[in-house]
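# Structural features, examined
Chain by chain, the residues:
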Amino acid sequence: MSHRKFEAPRKGSLGFLPKKRTLKHTGHVRSFPRDNASDAPHLTAFRGYKAGMTHVVRAVDRPGALMHKREVVDAVSIIETPPMVVVGIVGYVETPQGLRTLTTVFAEHLSEEFKRRCYKNWYQSKKKAYTKYAAKYQKDGGKEIEAEIDRIKKHCSVVRVIAHSQVKKLGLRVKKAHIMEIQINGGDATAKVDYAKALLEKEVTVDSVFSLEEQVDVIGVTKGRGYEGVVTRWGVTRLPRKTHRGLRKVACIGSWHPARVSTTVARAGQNGYHHRTEMNKKIYRIGKKGDEASCQTEADLTKKSITPMGGFVHYGVVREDWLMLKGAVVGVKKRPLILRKALMKHSSRKHLEKIDIKFIDTSSKLGHGRFQTAEEKAKFLGPLASKQNQ
């Protein structure tokens, strides 16, 4: 009887099968945080766009830890978050099969970027989307709309708003808005609907949804890497050097019988462009549009904004509100991401630690950046010949 010489646990998780390209290109919230009726009504998610990464120096405040009262360098991601616009209310009733939509109420005035999402070809279309629906607001003083809102108050247990991002503000050459549903938690059904109705056609900023040092979950699509082999895709061990017909392979893909390849065997195929949710990313800083001193700290009084010298690589200049999250987030630059309030209740010291940022790096990300601001560079280099000749 055969036996194995060494232990060999399987490589790669089966929890993420099938490893195929996602159909949810802009992210999709599968679960919202658990509702608590004792809280005030509030939104639970927001849309952002990945700008790039930098690093910060911060002081550790964790008594008893080895690094307590010492400085550490953390990698951080910058997510640009222009205000979102609420354009609708959706009511859900609970059934044995799950949630079922009862009715949807849209706002009277909808922006062009929202309507563009309704068309394949905006230029050749008649641009008539929602014109008949908007007429309901004028008919009989909007009685039909009010009746639908009352239905939601009476029958629905889950209320969500339909909101869209203002992607035209980012200069990403995208004109269609990214639309998503955001659940309202807190209060009873009537309070939720009144809260949603007050938000219709209004802008919602990211600092009204999230607060500093809060934990958020990031939902998005990973960077696509195409068709890749088993060693990269699953992390299996390479075969010995002298192996015939290649060594970056799986030697045995299964027994003779059953006469088929099991789904648990590592195979080559698509890697990346998968839908993923990463939990518990801490918000280090929230920046406001137009704040030229948003990266000023008590230890570094230099007046500078978050955009590094020369702009973020493959992205450009951050002009709208932004979030600074600890660590990396999924996807390439410009990728639409969803930021959701954390599903967990946090109690560990790591999650509850106060963040004291000493320094935020804004040097160029295109090479070995030496200067934090253009003024610092000009002061160091002195009068340039190219400037003197003008």
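Residues numbered from 1 in each chain as written. Predicted model: local features only at pLDDT ≥ 70, side-chain atom pairs only at ≥ 80, totals over all residues. Heavy atoms only, no water.

## Things to note about the pattern of salt bridges
Any two side chains of opposite charge can pair, on the condition that their charged atoms come close. The final tally for this structure, using the stated rule, is 21 salt bridges. Note that Glu353 and Arg58 form a salt bridge whose closest N and O atoms lie 3.0 Å from each other. In this pair, Glu353 is assigned in the loop between helix H6 (349-352) and strand S15 (356-360) and Arg58 in strand S2 (residues 45-59), connecting sequence segments 295 residues apart. Just as Glu353 is buried, Arg58 falls in that class too. Glu112 is paired through a salt bridge with Arg116; the nearest N and O atoms lie 2.9 Å apart. (Salt bridge = Lys/Arg side-chain N within 4 Å of Asp/Glu carboxyl O. Helix = DSSP H or I, 4+ residues; strand = E, 2+ residues; numbered from the N terminus. Buried < 20%, exposed > 50% of the residue type's maximum accessible area, 1.4 Å probe, protein only.)

## Concerning the environment of Ile253
Residue position: Ile253 is located in the loop between helix H5 (230-234) and strand S11 (269-270). Classification of Ile253 by relative accessible area gives partly exposed; the value is 32%. Separated by 13 residues in the primary sequence, Ile253 and Ala266 place their C-alpha atoms 8.0 Å from one another. If we ignore the near neighbours within four places in the chain, the residues touching Ile253 are Val261, Val265 and Arg267. (Contact = heavy atoms within 4.5 Å.)

## Some points on the packing of helix H3 (residues 143-155) against helix H4 (residues 189-199)
Each pair of packed helices can be summarised by the angle the axes make with each other and by the distance between the axes. Where H3 contacts H4, the axes come no closer than 8 Å and their chain directions differ by 140 degrees. Here H3 lies oblique to H4, going by the angle between them. Of the residues in H4, those touching H3 at Glu146, Ile149, Ile152 and Lys153 are Ala189, Thr190, Val193, Asp194 and Lys197. In terms of residue class, the contact of H3 with H4 is made up of four nonpolar, one polar and four charged. (Axes fitted to C-alpha atoms, helices over the stretch in contact; angles between N-to-C directions. Parallel < 35°, antiparallel > 145°, perpendicular 65-115°, else oblique. Nonpolar A, V, L, I, M, F, W, Y, C, P; charged D, E, K, R; others polar.)

On their own, these measurements won't tell you what the molecule is for.
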